[in-house]
Amino acid sequence: MPVTFTFGEMLSARSVIGSTLAELGDDYNNLWVLTPDIGATLVEFRDKFPERFIDVGLAEQACVGIAAGLAYDGNIPVVSGMLPFLSMRALEQVRSDVCYPNLPVKIIGTHGGLVGNGGSTHYAVEDLALMCALTNMTVTSIGDPLMVGEIIRQSMTMQGPIYIRLAVGKKDKVLYEPGQHDVRIGKGIVAREGTEATIFTHGTVVSQALDAAEELAKDGRSVRVVDMFTLKPIDEELIVRCAAETGGRFIIVEDHLSYGGLATRVADVVADRNIHLAAFERLGIPQVYAGFGDDEELRNKHGYGLEATIAATRRVIAAQP
């Protein structure tokens, strides 16, 4: 089979969404795709199955409500749009129309975290906290564009709703070789092995965490990187194993508010399972509205960029039990 991408280079996650949905439309004649006026990614599906494509215009609440109605009628609806608005403007509809009856609605979107230089109104930075709080909702945050297609395919047979978070989705680094990892919803990926500490991360900053581990390796440090792309249900057994195998030293790096997202999810497991850690640091967005700038600039400004990740990892490794 020919290789259709270059490992380590860039691929559009949006193009993967479009081609995957067009492919799945053949396999599932009850698959519908809806968008609140963010349909450029979906042209392949729209052109192939126009009778199962709905653009509601700039109306996220209506989009989610229509998706719920389609699901009640035995269909598999996919809602694709911008996550700042799908996660907040339509939160009541997601909670009451989708999660309460546990309908198989897939919410896929972009602009998770400080990406896109759109300013605070266009950053989804509270979204994972909101979605993880919802009963019946499965919550994912994807960094590798090729994984997006696999997660969408797996979600087709799920009984309840799923939230799939991406960055801008136009230019994403391919992180994994095909078949390198067993990608399963609900299970984390050990993206890099290590023994002295574990960096837990997700989404667009997985690549940054891998870069940090590589830099630390030059000084003889051995750091594990876990791509915890499913935040709910979280892979508790992997967290337990990492505590035992990497000295009870955890760093969580995420493009989300530092409280309410992955760090909070990991901390809950640590407390609930009575795991004794030597050190724990969380890096993410503080309680501020982040302002304008490109993603790397904003990560550095708010203390969770590459250098901050390396420094935090050094501190955690040096911590006494």
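Structure's up top.
Numbers given for residues are sequential positions, taken from 1 along each chain in its written order. Under the rules for a predicted model, residues below a pLDDT of 70 receive no local features and side-chain atom pairs below 80 are neither given nor counted, while totals for whole chains, interfaces and linings still include all residues. In computing side-chain values, all of the structure's heavy atoms are included and hydrogens and water are not.

Working convention: axes come from line fits to C-alpha atoms, limited for helices to the stretch in contact. Angles between N-to-C directions cover 0 to 180 degrees. Where helices and strands are cited, they refer to DSSP runs of H or I of at least four residues and of E of at least two residues respectively, numbered from the N terminus. Their axes nearest at 9 Å, the elements helix α3 (residues 60-72) and helix α5 (residues 91-99) cross at an angle of 5°. In this view, α3 runs roughly parallel relative to α5, as classed from their interaxial angle. Within the contact between the two elements, α3 uses Gln 61, Val 64, Gly 65 and Ala 68 and α5 uses Gln 93, Val 94, Asp 97 and Val 98. Each residue belonging to the contact of α3 with α5 can be placed in one class, and the counts come to four nonpolar, three polar and one charged. Orientation labels follow simple angle bins: below 35 degrees gives roughly parallel, above 145 gives roughly antiparallel, 65 to 115 gives roughly perpendicular, and whatever is left gives oblique. In what follows, residue pairs with any heavy atoms lying within 4.5 Å of each other are defined as contacts. Three residue categories are used. Nonpolar comprises Ala, Val, Leu, Ile, Met, Phe, Trp, Tyr, Cys and Pro, charged comprises Asp, Glu, Lys and Arg, and polar comprises the others, including Gly.

It is worth spelling out the packing of aromatic side chains at this point. Ring geometry is summarised as follows: Phe, Tyr and Trp rings, the Trp one being its six-membered ring, pair when their centres sit within 6.5 Å, and such pairs are stacked at plane angles under 30 degrees, edge-to-face over 60 and tilted between the two. Here the structure, examined in full by the defined rule, presents two aromatic pairs. The interplanar angle of 45° and the centroid separation of 5.1 Å between the aromatic rings of Phe 45 and Phe 49 together place this pair among those described as tilted. Accessibility assignment for this pair places Phe 45 and Phe 49 in one class, buried. Geometrically, the ring pair formed by Phe 200 and Phe 250 is edge-to-face, given 4.8 Å between the ring centres and 80° between the ring planes. Residue Phe 200 is located in strand β10 (residues 197-201), and its partner Phe 250 is located in strand β13 (residues 249-257); the two are separated by 50 residues in the primary sequence. Only protein chains enter the accessibility calculation, which uses a 1.4 Å probe; a residue is then buried when its area is under 20% of its type maximum, exposed when over 50%, and partly exposed in between. The buried category is assigned to Phe 250, whose relative accessible area is 0%. Above the plane of the ring of Phe 49 lies Arg 52, whose end atom (NZ or CZ) is 4.4 Å from the centre. Look at NZ for Lys and CZ for Arg. If either is within 6 Å of the ring centre and within 35 degrees of the ring normal, a charge sits over the ring.

An order of β3-β2-β4-β5-β7-β6-β12 is seen for the seven strands of this open sheet, with the pairing classed as mixed. Across the chains shown, the open sheet's two edge strands, defined by having one partner strand only, are β3 (53-55) and β12 (230-232). Across the sheet, the axes of successive neighbouring strands diverge by a mean angle of 20°, strand direction being ignored. Sheet topology places strand β6 (residues 138-141) next to β12; two bridges connect them, and they run antiparallel. Directly across from Val 139, in β12, lies its bridge partner Lys 232. The strands that α3 touches are β2 (31-35), β3 and β4 (76-82); relative to β2, the one it contacts most, it runs at about 170°. Two strands pair under a simple rule: DSSP has to find at least two bridges between them.

Among all positions of helix α10 (residues 262-272), only Leu 262, Ala 263, Val 266, Val 269 and Val 270 are buried. The buried side chains of α10 occupy one side of the element, clustering within an arc of 125° when seen end-on. Projecting away from the buried face of α10 at angles above 90 degrees are the exposed residues Ala 271 and Asp 272. Against the buried residues of α10 lie β10, β12, α9 (236-245), β13 and β14 (279-285). Where α10 terminates, the next one or two residues include Asn 274, which has phi positive at roughly 55°. Our arc is simply the arc of the directions from the helix axis toward the C-beta atoms.

Bringing the state of the cysteines into the picture now. In protein structure, a disulfide is the covalent linkage between the sulfur atoms of two cysteines. Here, a disulfide means two cysteine sulfur atoms that sit within 2.5 Å of each other. Summed over all chains, the structure comprises zero disulfides. Distance from the sulfur of Cys 99, which forms no disulfide, to the nearest cysteine sulfur (Cys 132) is 11 Å. For Cys 132, a relative accessible area of 10% corresponds to the buried category.

Our focus in this paragraph is the environment of Thr 157. Its location among the elements puts Thr 157 in the loop between α7 (145-155) and β7 (162-165). Residue classification places Thr 157 among the exposed residues on the basis of a relative accessible area of 58%. Counting along the chain gives 53 residues from Thr 157 to Pro 104, while the straight-line C-alpha distance between them is 8.5 Å.

Most of β13 sits out of view: nine of its nine residues are buried. Note: β10 against β13, four bridges, orientation parallel. Residue Phe 200 lies in a different strand from β13, and its bridge partner there is Ile 252. As judged from the six bridges shared by β13 and β14, these two strands associate in the parallel manner. Considered in β14, the bridge of Phe 250 is made with Phe 280. What joins β13 to β14 is α10, and the crossover it makes is right-handed. Here a crossover is taken to be right-handed if, once the strands point away from the viewer, the path from the first strand over the helix to the second is traced clockwise.

It is worth spelling out the nonpolar core at this point. With 57 residues, the main nonpolar core has Ile 17, Leu 21, Leu 31, Leu 114, Ile 142 and Ile 152 as its most contacted residues. Counting residues per element, this core draws most heavily on helix α8 (residues 206-217), which supplies six residues. Excluding anything up to four places from it in sequence, Ile 17 contacts Thr 41, Leu 42, Ile 108, Val 148, Ile 152 and Leu 166. In terms of nonpolar packing, the next biggest core, distinct from the first, is built from 44 residues, Leu 83, Val 139, Ile 234 and Phe 250 among them. Residues grouped as a nonpolar core are buried Ala, Val, Leu, Ile, Met, Phe, Trp, Tyr and Cys residues, joined through side-chain atoms within 4.5 Å.

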